[in-house]
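Residue-level structure breakdown
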Amino acid sequence: MIAVFLGPPGAGKGTQSAKLIRDLGFRKIATGDLLRAARQAGTELGDAARRYMDAGELVPDEVIVALVEETLGGFPADAPILFDGFPRTLPQARALDDALARTGRAVERVVVLDVPEQVVLRRIGGRRISPNGRVYNIHDDPPRVDGVCDETGEPLIHRKDDRPQTILRRLRVYEAQTEPIIAYYEEGAPPVARLDGMQGIEETYRSVRAALRRMPAGETEPRCNGTK
Ligand code: AMP
């Protein structure tokens, strides 16, 4: 199974994909995470990506495609893979199709998580991250002491690309460059499920699981029912 998760920043793709990895053994390719790891490691790629990321702009396609191809090459040929935050442009979507076709594979499911812009601004704008990885939200899940991690006592980080102006830029970039990919997939083979990302984490997860189980037209496995 190869699945692609689409949706604006803050839609909950990371939360949902972490659950799928835990429950279904997917491997994940999240280009945002790969880029942040490269930045932290101080690699050439990380340094090159920094200015795009901090401004809420997309890192050039050729850089991203090379990164994804390298990561894909390290996975077993039949591993179930979940793409989160990739593809983000039509050239990336086409490059992914080409790379998968070289090993006889293809994108089999596309899940789009939709959330309104105001919710994105609140979710991402309120996000503060502990150096140990724990994520807080100053509106919905604040630390006990303002600006300090409950677990480690360290100061919380407000990512540069989580500041309001940059979030707005990321949303505009999503609309202009990433949303057209939905139509691209709708014209192609994989079933595309558009889900409401406002249902709450567990309800959304049920919808995501159902969307992944749903078989393309013509296949014989029973359709799931009940959970949407
Ligand atoms: P994310 O954590 O997925 O929101 O990604 C954070 C930032 O990394 C984005 O705002 C982009 O600057 C960059 N980035 C991540 N994935 C891609 C991609 N597929 N194409 C271009 N830039 C990306």
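Residues numbered from 1 in each chain as written. Predicted model: local features only at pLDDT ≥ 70, side-chain atom pairs only at ≥ 80, totals over all residues. Heavy atoms only, no water.

**Brief notes about the pattern of salt bridges**
- On inspection of all chains with the given rule, the structure shows 23 salt bridges.
- For Glu57, the salt bridge goes to Arg169, with nearest N and O atoms at 2.6 Å. In this pair, Glu57 sits in the loop between helix H3 (44-54) and helix H4 (61-73) while Arg169 sits in helix H7 (residues 164-187), placing the two residues 112 residues apart along the sequence.
- A relative accessible area of 36% means that Arg169 is categorised as partly exposed.
- Ionic pairing is found between Arg144 and Asp150, a salt bridge with its closest N-O pair at 3.9 Å.
- The exposed category is assigned to Arg144, whose relative accessible area is 70%.
- Overlapping salt bridges, with partners in common, bring together Arg127, Arg159, Asp161, Asp162 and Arg170 in one network. (Salt bridge = Lys/Arg side-chain N within 4 Å of Asp/Glu carboxyl O. Helix = DSSP H or I, 4+ residues; strand = E, 2+ residues; numbered from the N terminus. Buried < 20%, exposed > 50% of the residue type's maximum accessible area, 1.4 Å probe, protein only.)

**Focus on helix H2 (residues 31-41)**
- What H2 keeps buried is the set Thr31, Gly32, Leu35, Ala38 and Arg39. For H2, the buried positions fall inside an angular range of 125 degrees around the axis, keeping them on one side. In H2, the exposed positions that point more than 90 degrees away from the buried face belong to Gln40 and Ala41.
- Tucked into the core, H2 has its buried residues touching strand E2 (27-30), H3, H4 and strand E3 (81-84). (Arc of directions from axis to C-beta. Contact = heavy atoms within 4.5 Å.)

**Observations regarding the packing of helix H5 (residues 90-101) against H7**
- Packing of H5 against H7 brings their axes to within 8 Å, and their N-to-C directions diverge by 45 degrees. Judged by the angle between their axes, H5 and H7 are oblique. Facing Leu90, Ala93, Arg94, Leu96 and Asp97 of H5, the residues of H7 in contact are Gln177, Pro180, Ile181, Tyr184 and Tyr185. (Axes fitted to C-alpha atoms, helices over the stretch in contact; angles between N-to-C directions. Parallel < 35°, antiparallel > 145°, perpendicular 65-115°, else oblique.)

**Topic: the packing of aromatic side chains**
- With the rule as written, the count across this model stands at two aromatic pairs.
- For the ring pair Phe83 and Phe86, a centre distance of 5.8 Å and an interplane angle of 45 degrees mean the geometry is tilted. Phe86 carries the same exposure label as Phe83, and that label is buried.
- Over the ring of Tyr205 we find Lys19; its NZ or CZ atom is 5.0 Å from the centre of that ring. (Phe/Tyr/Trp six-rings, centres within 6.5 Å; stacked < 30°, edge-to-face > 60°. Lys NZ or Arg CZ within 6 Å of the ring centre and 35° of its normal.)

**Some words on unusual backbone geometry**
- Look at the link from Phe86 to Pro87: it is a cis peptide, with omega at -5 degrees.
- With respect to the secondary-structure elements, Pro87 resides in the loop between E3 and H5.

**Considerations on the side chain of Thr166**
- By the element assignment, Thr166 lies in helix H7.
- Take Thr166: its relative accessible area is 12%, and that puts it in the buried class.

**Quick word on the layout of surface pockets**
- Space inside the second largest pocket adds up to approximately 180 Å³.
- For the second largest pocket, the full set of lining residues is Glu69, Leu72, Gly73, Phe75, Pro76, Ala77, Ile81, Ala99, Leu100, Arg102, Thr103 and Arg105.
- Elements with a contribution of two residues or more to the lining of the second largest pocket: H4 and H5.
- Looking at the lining of the second largest pocket, the element that brings in the most residues is H4, giving three residues.
- When grouped by side-chain class, the residues that make up the lining of the second largest pocket number seven nonpolar, two polar and three charged. (1 Å grid on protein atoms, 1.4 Å probe; cavity = no way out; pocket = protein on both sides within 12 Å on 5 of 7 lines; lining within 4 Å. Points joined across faces, edges and corners; volume = space filled by probe spheres on them. Nonpolar A, V, L, I, M, F, W, Y, C, P; charged D, E, K, R; others polar.)

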